[in-house]
Amino acid sequence: MISKDRFEKRIIVTGGAGFIGSNFLRRAVPRYRQYLFVNIDCLTYAGNLGNLKTVENDENYVFEKIDVRNDELLADCFEKYDVNAVIHLAAESHVDRSIIGPEAFIETNIRGTFNLLELARRRVHDFRFHHVSTDEVFGSIEDGLFSELSPYNPSSPYAASKASADYLVQAYHKTYRLDTVISNCSNNFGPYQFPEKLVPLTIRNALLKKEIPIYGDGGNIRDWIFVEDHCRALDLIFHGGRSGNTYNIGAGYERPNLDIVTGICRIIDRMLGDGPRERLITFVGDRPGHDRRYALDSSKIKSELGWEAVESFDQALENTVRWYLDNQEWLDDCISGEYLKYYEKNYSRRRN
Ligand code: NAD
Ligand code: DAU
């Protein structure tokens, strides 16, 4: 049984078994022994508890298999751990899936956020709510950069669901004086990303010498950030972000998709010495509503909180490719579904 009283903060981290959540927890759990981290995740296809092996037995970490759509289980959890902070990452996160089936995005990303806000509201006097959002809420930009004041203009059901959640969080700050912060981050890459997203999908297909699909002409630009730089930013915003504020997080590494894919092919060719893989690149039909360019102005988090990206893009991409090469079993498990058995094998008989 966990003695919650000895922890200065009892923080629910939602979506902690996903890509960014697990990177965040592997960093934060050893760093903040005075905090209890309660990882709430319902383990969709994107949730992999094996990502958390390095912290799963730590005394200030606990996992609760809960769906954020289930307000009753959430309420029990808030009570059980006397929770006084939420870092909310749980979401349906893949744009292509939102185009095929938007409903889960509405339920998890909007309803789930609402459920958490309602519980936080009951503890409004001692609570910080950090909502982790995306640059996709701003839509596409031809020139210049999106600032925190740019209007929302979402293109996909995913982006619209995240924008709706952001608005709810803002409303709870204004109406109920809930202490909130929102961070809007650009495209992450790094270890433990599910291989449906461009970077890990390209690495996997390049390793298997399968076609690498590029939507449209490959000229769409994303503002890439290494996941560890994002996680450092989350830490700074959670601790020092001004209540009611939003913070953009972008490293400024703008790259067209074709450059990303070509770059990965060349790195793997060099590492394995058996290229060229560029011939695997296959232009396919475009994503409906495909945003042409994302680019963030991150001067606010830099000036207020002293954050900047420390990883160079080239080095971080090289390290990321190396990680997937060294962890091909992790990639294979994602495809076979083997990772989904981790909970049954390791957690189902545990007691907190
Ligand atoms: P991910 O898809 O890898 O992980 C999402 C996690 O949420 C998974 O562990 C999944 O099991 C869990 N989850 C989904 N629905 C749930 C539900 N109903 N109840 C409980 N848990 C649920 O996503 P990610 O890439 O790690 O993104 C995390 C957050 O960061 C999301 O909110 C996303 O919108 C945001 N974000 C992502 C990026 C990016 O580039 N990946 C950039 C900016 C913001
Ligand atoms: O900008 C932040 C967002 O980045 C996050 O909020 C989302 O959760 C995350 O999924 C990501 O969204 P994108 O749609 O930008 O990422 P994705 O990896 O799906 O696609 C990146 C770009 O690559 C995009 O322009 C579409 C293109 N693409 C993607 C895939 C999967 C391809 O050309 N081929 C592909 O097979």
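If you're wondering where the values come from, they're calculated on a predicted model, not measured in any experiment.

The rules behind these values
Going along each chain's sequence as written, the residues are numbered from 1 onward. Chain letters and ligand numbers both follow the written order, the letters beginning at A and the numbers at 1. In keeping with the predicted nature of the model, local features appear solely for residues at pLDDT of at least 70, side-chain atom pairs appear and are counted solely at 80 or more, and the whole-chain, interface and lining totals rest on all residues. Side-chain metrics in this entry use all non-hydrogen atoms of the structure; hydrogen atoms and water are not considered. Relative accessibility thresholds used throughout: buried, under 20% of the residue-type maximum; exposed, over 50%; partly exposed, between the two (1.4 Å probe, protein chains only). Secondary structure elements are defined from DSSP: runs of H or I of at least 4 residues count as helices, runs of E of at least 2 residues count as strands, and each element is numbered from the N terminus. Strands are treated as partners if at least two bridges between them are detected by DSSP. A clockwise path from the first strand over the helix to the second, with the strands pointing away from the viewer, defines a right-handed crossover. Helix span, expected: 1.5 Å multiplied by one less than the number of residues in the helix. Fitting one axis to the seven residues ending at a residue and another to the seven starting there, the bend at that residue is the angle between the two axes. For this analysis, residues touch if any pair of their heavy atoms sits within 4.5 Å. Consider each residue's heavy atoms; a residue with any of them within 4 Å of a molecule or strand counts as near. N or O atoms closer than or at 3.5 Å make up a polar contact, with two conditions inside protein: a donor-capable atom paired with an acceptor-capable one, and, for residues adjacent in sequence, both atoms drawn from side chains. Surface accessibility follows the Shrake-Rupley procedure with a 1.4 Å probe radius. Residue values consider only the protein chains on display as shielding. All axes are obtained by fitting lines to C-alpha atoms, using only the stretch in contact for helices, and the reported angles, taken between N-to-C directions, cover 0 to 180 degrees.

Turning our attention to the pairing of strand β6 (residues 179–185). Counting buried residues along β6, six of its seven residues qualify, which places the element largely inside the surrounding structure. In this structure, strand β5 (residues 128–134) lies alongside β6, joined through seven bridges in parallel fashion. Within the sheet, the bridge partner assigned to Arg128 lies in β6 and is Asp179. What joins β5 to β6 is helix α5 (residues 157–176), and the crossover it makes is right-handed.

The terminal C-alpha atoms of helix α4 (residues 103–121) lie 26 Å apart, and with 19 residues this matches the ideal 27 Å at 1.5 Å per residue to within 8%. At Arg111, α4 shows its strongest bend, of approximately 25°. Among the residues of α4, Phe105, Thr108, Asn109, Gly112, Thr113, Asn115, Leu116, Leu117, Glu118, Leu119 and Ala120 are the ones counted as buried. Next to the buried residues of α4 lie β1 (9–14), α2 (71–81), β4 (85–88), α3 (95–100), β5 and α5.

Let us now look at the site of ligand 1. Taken together, 29 residues are adjacent to ligand 1, and Ile20, Asp41, Ser93, Tyr158 and Lys162 come closest. Contact distances for ligand 1 include 2.8 Å between a nitrogen atom and a side-chain N or O atom of Asp67. The separation between an oxygen atom of ligand 1 and a polar main-chain atom of Asn188 is 2.9 Å. In the complex, the protein chains occlude 97% of the 840 Å² of accessible area that ligand 1 would expose alone. Taken together, the elements giving at least two residues each to the shell around ligand 1 come down to α1 (19–31), β5, α5 and β7 (187–189). Here the shell around ligand 1 gets three residues from one element, more than from any other, and that element is β5.

A few words on the sheet that holds strand β9 (residues 221–226). What the three strands build is an open sheet, ordered β7-β9-β11; its pairing is mixed. Unpaired on one side and paired on the other, β7 and β11 (253–256) mark the two borders of the sheet. In this sheet, neighbouring strand axes are inclined to one another by 45° on average, regardless of whether the strands run parallel or antiparallel. Summarising the sheet, β7 and β9 pair through three bridges and their orientation is parallel. Along β9, the bridge assignment pairs Asn187 with Trp224. Across the sheet, helix α8 (residues 257–272) touches β9 and β11, and the angle it forms with β11 is around 90°. Relative to the sheet, helix α10 (residues 313–326) contacts β7, β9 and β11, its axis offset from that of β7 by approximately 50°.

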